[in-house]
Amino acid sequence: MTEHLHDPRVLVISVVGVQSSGKSTLLNSMFGLRFPVRAGRCTRGLFARFLKIEENLAKELGFKYFIIVDTEGIKSIDHDDHRYDNELVTFALSIANVTIFNISGENIGPDVAGILQIAAHALMRMKEVDIECRCKIVQQRVSDLTAADRNKGSADKIKETLNEATKFAAEDEGLEGRYKEFSDVVHLKFDKDLQYVPSLWTGGMAPPNHMYGEKVIKIKRGLLRDIRNKIITPDLSLSTFTDRVRDVWSAVKEENFVFNFKDSVRAVDFNQFCLYYNERIVKMRQAIMDKSNGCLGRVKFAVEIGNSVELLITSLEDEVEKQSELLRDLVEKYVLDHPRRSMISRHKRGFLEDVHIAVKDARQQAQQRITEEYEIKKLEHNLPNLGPKWLVRMITDVKEVASTTAVTKEIPHANTFHGYLLYTDSDYLHGRYKHELDVLWKKWTREIKQESGITQIQIYPNISRSRLGLKIKLLLSKRKTPVKEKAKRRKMK
Ligand SMILES: Nc1nc2c(ncn2[C@@H]2O[C@H](COP(=O)(O)OP(=O)(O)OP(=O)(O)O)[C@@H](O)[C@H]2O)c(=O)[nH]1
Ligand SMILES: [Mg+2]
């Protein structure tokens, strides 16, 4: 079709609203269409009609086709999860140049306001990729046309709620400078874009209300006026519309976070809970690390008097227990003191489960640090007598491997022990040289274990080899006669 019609420009109009609020009837009356209409749940999913504009009008407007999108009614009993509604509304808003919010009855209920809020939140993110949206609110089945005055108060309330929600969402997105009101996210002017339509059926055997048709025509004229005045512009061609549908659909599907919440206030509340919790986790980690630093200071002494590493770690356990309890209490208190306690308490269980995992993780890290230090100190303690001989051995071994694998030219210091320490943990090494060094490492640790008599020593795979190697080197070089002293002795001779 795109090819056949030479990829024409299109203007997309969508409608959203509660189930059976008369969306399809409104579009049918406005554009002479035949979207199915029925009492009870009728439209399912989204339907689009491609509509050719009469030639003279097309010339005047500057484009030839409308795409009219009718959507499934929100708040249907088939979808008790708000996620479906949120996705549907955001999708309909994002693919259209203008979206009609169809409201049945005198007021926008909290449910519909919630959907509008979540749409604002998501659209704020979509605006980052330049998706703009315009919005009209059609309030149907209001008792008579003077309702406009009566509804002024309710319109102000709606506006206030939406602006409040926008502020929340903007703060959460870190965009408070850019979005202050709902109309900053979705183009909507309350004085012009909020329209009232009387009921089509006045009841019983009464004929259709002619005022309905007149009012609908008036709304349609307003739409066309906005198009003529370039307030609403057809910025998409048929092919870019198809692309937009695809892009927006994946964006909507990826927006898991926001859509899982009924409205943006809830999303913001949850975010703040996360922030608070994460700050506490950092503090917990710090406290356990501080405690493990204390243990590290006692490692040397523990090795000298022959205490086991397990004994050393016991003192860490008290702190871990203390921190775990503290965190759990803080989560409980946060929920208890929260102004929307019943809502936020739903997340409590998840956070409490997470406390367990986070504490376990911090404990494991601390234990590992202590064990690593313990092994090194034990090695130092048992190694002194092996000194000079081992340094010479290691240097000779490394040189030999470097020369046989011919890497001396490619890798700086490859044939020195220093080079070995420098590169042994890095990804820089590969091929045969790396393999030979791995073999060497195993041989050295095995033989050091044998010679030092430390049969129980466990070289943990995650102990950094260069760290252990460096320790060995320092230890061995300490045993060597210092250069200055050598020179002194030579002089004396
Ligand atoms: N009383 C009254 N009934 C209306 C009005 N507009 C539509 N209806 C009736 O309400 C029923 C539902 O109308 P639809 O246009 O199918 O409503 P919808 O919002 O498209 O419904 P879903 O697609 O199921 O969400 C139909 O029986 C219509 O005849 C109205 O202004 N007043
Ligand atoms: Mg319908």
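Keep in mind it's a predicted model, so treat the numbers as computed, not measured.

> Any details on the site of ligand 1? Residues and values, ideally.
Around ligand 1, 21 residues are found, and the nearest of them are Lys23, Ser24, Thr25, Cys42 and Thr43. One of the backbone nitrogen or oxygen atoms of Gly22 is found 3.0 Å away from an oxygen atom of ligand 1. Measuring from an oxygen atom of ligand 1, one finds a side-chain N or O atom of Thr43 at 2.7 Å. Contact with the protein chains removes 87% of the 650 Å² of surface that ligand 1 exposes when unbound. At a threshold of 2 Å from the grid points, most atoms of ligand 1 map onto the largest pocket. The leading source of residues in the shell around ligand 1 is helix 1 (residues 23–31), at three residues. Along the lines of polarity and charge, the residues of the shell around ligand 1 split into six nonpolar, eleven polar and four charged.

> Give me the pairing of strand 4 (residues 98–104): which residues, what numbers.
Most of strand 4 sits out of view: six of its seven residues are buried. Across five bridges, the pairing between strand 1 (residues 9–17) and strand 4 is parallel. The residue bridging Gly17 from the neighbouring strand is Asn102, located in strand 4. Bridge analysis of strand 4 against strand 5 (residues 134–140) gives seven bridges, and the strand direction is parallel. Pairing of Asn102 across the sheet is with Val138, part of strand 5.

> Outline the coordination of the magnesium ion (ligand 2), supporting the account with residue identities and numerical values.
Ligation of the magnesium ion (ligand 2) by protein atoms is provided by Ser24 (OG) and Thr43 (OG1), these donors lying 2.0 Å from the ion. You can see Ser24 sitting in helix 1 and its partner Thr43 sitting in the loop between helix 1 and strand 2 (46–52), a full 19 residues away along the chain. A residue is classified by how much of its surface remains accessible, and Ser24, at 7% relative accessible area, is buried. Since its relative accessible area comes to 12%, Thr43 is described here as buried.

> Break down helix 3 (residues 82–95) for me, with residues and values.
The first and last C-alpha atoms of helix 3 sit 20 Å apart over 14 residues, in line with the 20 Å expected at 1.5 Å per residue. Buried residues dominate helix 3, accounting for eleven of its 14 residues. Along helix 3, the residues classified as buried are Asp85, Asn86, Glu87, Leu88, Val89, Thr90, Phe91, Ala92, Leu93, Ser94 and Ile95.

Conventions used here
Residues numbered from 1 in each chain as written. Chains lettered and ligands numbered in written order. Predicted model: local features only at pLDDT ≥ 70, side-chain atom pairs only at ≥ 80, totals over all residues. Heavy atoms only, no water. Near = heavy atom within 4 Å. Polar contact = N/O pair within 3.5 Å; in protein donor to acceptor, adjacent residues only side chain to side chain. Areas by Shrake-Rupley, 256 points an atom, 1.4 Å probe, with all protein chains shown as cover. 1 Å grid on protein atoms, 1.4 Å probe; cavity = no way out; pocket = protein on both sides within 12 Å on 5 of 7 lines; lining within 4 Å. Sits in = over half its atoms within 2 Å of the grid points. Helix = DSSP H or I, 4+ residues; strand = E, 2+ residues; numbered from the N terminus. Nonpolar A, V, L, I, M, F, W, Y, C, P; charged D, E, K, R; others polar. Buried < 20%, exposed > 50% of the residue type's maximum accessible area, 1.4 Å probe, protein only. Pairing = 2+ DSSP bridges. Donors = N, O, S within 2.8 Å, 3.2 Å for Na, K, Ca; no water. Expected span 1.5 Å × (residues − 1).

Functional significance is not addressed by these values, which are geometric in nature.
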